[in-house]
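Overview (structure and organization)
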Amino acid sequence: EPEVTQTPSHQVTQMGQEVILRCVPISNHLYFYWYRQILGQKVEFLVSFYNNEISEKSEIFDDQFSVERPDGSNFTLKIRSTKLEDSAMYFCASSERRRASTDTQYFGPGTRLTVL
Amino acid sequence: DQQVKQNSPSLSVQEGRISILNCDYTNSMFDYFLWYKKYPAEGPTFLISISSIKDKNEDGRFTVFLNKSAKHLSLHIVPSQPGDSAVYFCAAKDTGTASKLTFGTGTRLQVTL
């Protein structure tokens with residue numbers, strides 16, 4: 001069964017460093033998302049991406065964040081200068097369609113980001 | 001921002017009995033609802049969904065009920081199995097204007113032998 005994959009599974013970085021989290025969405029999906037879950041809190045939407053541009057973003061997704069689809073398979077989330085409060089599980093998701101009522105987002109296993 | 005609420009942080013049910021997980025929402029624009037199951041150190045796994053044009057959707061042991069007037073949905077698992085022990089998240093979407101899912105805080109289900 002096709003699945004969303006993410007690398008690395010765990011990333012440890014120093015505050016102020018740049019990190020890139022990688023995702024390979026399901027191959028025939030057209031819409032891509034990043035969510036995060038801070039320990040003990042709920043899963044929060046960060047950004048959605050379609051046709052090589054951001055279609056929606058949350059207040060969390062500030063100038064420190066960026067997303068890119070550098071080739072036909074990868075989807076990346078970059079945090080330019082990490083802060084302690086960026087420590088969280090980051091989930092990538094993909095879906096075939098964005099607005100259709102039967103659309104379902106399928107999630108990857110997550111990358112645990114630890115900022116020291 | 002508490003647009004989707006799961007008021008029970010945990011639930012314990014005996015194997016073979018029914019598990020009922022509840023979810024309330026406040027945004028009347030939400031028209032599509034999903035339940036995800038999550039094991040530790042894994043991503044959310046899609047379970048079942050329901051559109052606002054329906055009031056019930058069933059898939060095997062899982063049934064979701066939607067009460068639009070009360071802005072309430074529930075997930076029934078019958079019969080409950082030990083492998084169902086996980087955190088269950090309710091999520092909602094406004095398919096007309098937004099692509100994002102808004103999640104509840106989750107309910108940890110423990111199915112005991």
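Provided above is the structure to which this section pertains.
Thresholds, definitions, all that
Residues numbered from 1 in each chain as written. Chains lettered and ligands numbered in written order. Predicted model: local features only at pLDDT ≥ 70, side-chain atom pairs only at ≥ 80, totals over all residues. Heavy atoms only, no water. Salt bridge = Lys/Arg side-chain N within 4 Å of Asp/Glu carboxyl O. Buried < 20%, exposed > 50% of the residue type's maximum accessible area, 1.4 Å probe, protein only. Helix = DSSP H or I, 4+ residues; strand = E, 2+ residues; numbered from the N terminus. Patch = residues over 30% accessible without salt bridge, like charges linked within 9 Å, V, L, I, M, F, W, Y side chains within 5 Å. Areas by Shrake-Rupley, 256 points an atom, 1.4 Å probe, with all protein chains shown as cover. Contact = heavy atoms within 4.5 Å. Buried area = accessible area lost by both parts, 1.4 Å probe. Polar contact = N/O pair within 3.5 Å; in protein donor to acceptor, adjacent residues only side chain to side chain. Nonpolar A, V, L, I, M, F, W, Y, C, P; charged D, E, K, R; others polar.

Okay, the pattern of salt bridges next. All names here are of chain A. For the structure on display, the rule yields four salt bridges over all chains. The partner of glutamate 44 in a salt bridge is arginine 36, and the shortest N-O contact between them spans 3.5 Å. For glutamate 44, a relative accessible area of 24% gives the class partly exposed. Aspartate 86 is the salt-bridge partner of arginine 36, the closest N and O atoms lying 4.0 Å from each other. With a gap of 50 residues between them, arginine 36 in strand 4 (residues 31-37) and aspartate 86 in the loop between strand 8 (75-79) and strand 9 (88-95) connect regions that are remote in the sequence. Judged by relative accessible area, which is 4%, aspartate 86 ranks as buried. Salt bridges linked by common partners bring Arg36, Glu44 and Asp86 together as one network.

What follows covers a nonpolar patch on the surface. Residue and element names in this part refer to chain B. On the surface, a cluster of nonpolar side chains totalling about 230 Å² of accessible area is made up of Ile18, Ile20 and Val78. Relative to the helices and strands, isoleucine 20 is located in strand 3 (residues 19-25). Owing to a relative accessible area of 37%, isoleucine 20 belongs among the partly exposed residues under this scheme.

Let us look at the environment of valine 19 of chain A. Take valine 19 of chain A: it is sitting in strand 3 (residues 19-24). Between the C-alpha atoms of valine 19 of chain A and tryptophan 34 of chain A, which are 15 residues apart in sequence, the distance is 15 Å.

Below, the discussion takes up the interface of chain B and chain A. Between chain B and chain A, the residue contacts involve 24 residues of the former and 22 residues of the latter. At the boundary of chain B with chain A, total buried surface from both sides reaches about 1,800 Å², with 52% on carbon and sulfur atoms. On inspection of chain B and its partner chain A, the count reaches zero salt bridges. The interface formed by chain B and chain A contains six residue pairs in polar contact (both at pLDDT 80 or more). A per-element tally of the side of chain B that touches chain A places strand 4 (residues 32-38) of chain B first, with four residues. Grouping the amino acids of the side of chain B that touches chain A by side-chain chemistry returns eleven nonpolar, eight polar and five charged.

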